[in-house]
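Chain by chain, the residues:
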Amino acid sequence: MSGQDVLSCSRTNQGCEGGYPFLVGKHAAEYGLVPEACAPYKASDIDCDSLQFTSQKCANRRYYAKHYRYVGGYYGACNELLMMKEIMRNGPVIVAFQAPSSLFYYNGGIFTGPPPKHEGKTEHGVRYWEQTNHAVVAMGWGEENGHKYWIIKNTWGPHWGEKGYFRIQRGTDECGVESMATTFDVVV
């Protein structure tokens, strides 16, 4: 599905200043998603009215989500194991994290970064709110030389990172990537 369509046209998210997966699910349920081929990524937070679909047929070709939800059932319940189970059972999940500027220069390996900014405190096992600025798709996981990682599909095109993907350390909530994974079912 088109990340650019969500970035430019979501009325529930904040473009490049947001990246909250639950709100991506809300957008998909209320407004639908178009295929990537219809609205390719432009690497810019352009206005929705300026977004050019590759054809008029594409503009009317939307897929809607139902049952959008946090992995784990509620914000703060997500963790490494639940994400792995969800990906294994139902496929990729949307994740968000506080992407540091060093991510722009990533060209391979297992990425690590600073902990995300957070608000509030952890109470009764419920995680504090973590700030995000980038939403991506967790496709799977692996391990290399004893280092665990997530396989993430970014929206920055095939010439960035590892052919548009990157690996980020798994099991440590690196940059907040394990805090608010979201999933939903697509109606075709």
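As the structure is a prediction and not an experimental result, all values here were calculated from the model. Residue positions are given per chain, counting from 1 as you read along its sequence in written order. Per-residue local features of the predicted model are confined to residues with pLDDT of at least 70, and side-chain atom pairs are confined, for both listing and counting, to 80 or more; whole-chain, interface and lining totals are unaffected and use all residues. The side-chain values count all of the structure's non-hydrogen atoms but skip hydrogen atoms and water molecules.

**Brief notes about the overall build of the protein**
Here's step 1: A tally of helices and strands in the protein yields four helices and nine strands.
Here's step 2: Put simply, the protein runs from its N terminus to its C terminus through helices and strands in the order α-α-α-β-α-β-β-β-β-β-β-β-β.
Here's step 3: Two residues qualify as a contact provided that any one of their heavy atoms is within 4.5 Å of a heavy atom in the partner residue. Taking all contacts inside the protein whose residues are at least 6 apart in sequence as the whole, residues at least 24 apart take part in 67%.
Here's step 4: Carbon and sulfur atoms provide 52% of the accessible area of the protein, an area that totals close to 9,800 Å². In this description a helix means any DSSP run of H or I spanning at least four residues, a strand means any run of E spanning at least two, and both kinds are numbered starting from the N terminus. Only the protein chains shown count as cover for residues, and all accessible areas are computed by the Shrake-Rupley method using a 1.4 Å probe.

**Looking at helix α4 (residues 80–90)**
Here's step 1: Along α4, the residues that are buried comprise E80, M83, M84, E86 and I87. The arc that holds the buried residues of α4, viewed along the axis, is 165 degrees, so those residues lie on one side. Turned more than 90 degrees off the buried face of α4, the exposed positions are L81, M88, R89 and N90.
Here's step 2: Elements that come into contact with the buried residues of α4 comprise β1 (64–70), β2 (93–97), β6 (134–144), β7 (147–153) and β9 (182–187). Using a 1.4 Å probe on the protein chains alone, a residue whose accessible area is under 20% of its type maximum counts as buried, one over 50% counts as exposed, and one in between counts as partly exposed. Regarding the arc, it is the one traced by the directions from the helix axis to the C-beta atoms.

**Some remarks on the pairing of β7**
Here's step 1: Being paired, for any two strands, means DSSP has found at least two bridges between them. Summarising the sheet, β6 and β7 pair through seven bridges and their orientation is antiparallel. Looking across to β7, one finds that G142 is bridged to Y149.
Here's step 2: Between β6 and β7, which pair antiparallel one after the other, the connecting turn spans two residues, and N145 there sits at a positive phi close to 50 degrees.
Here's step 3: In terms of strand pairing, β7 meets strand β8 (residues 165–169) through five bridges, oriented antiparallel.

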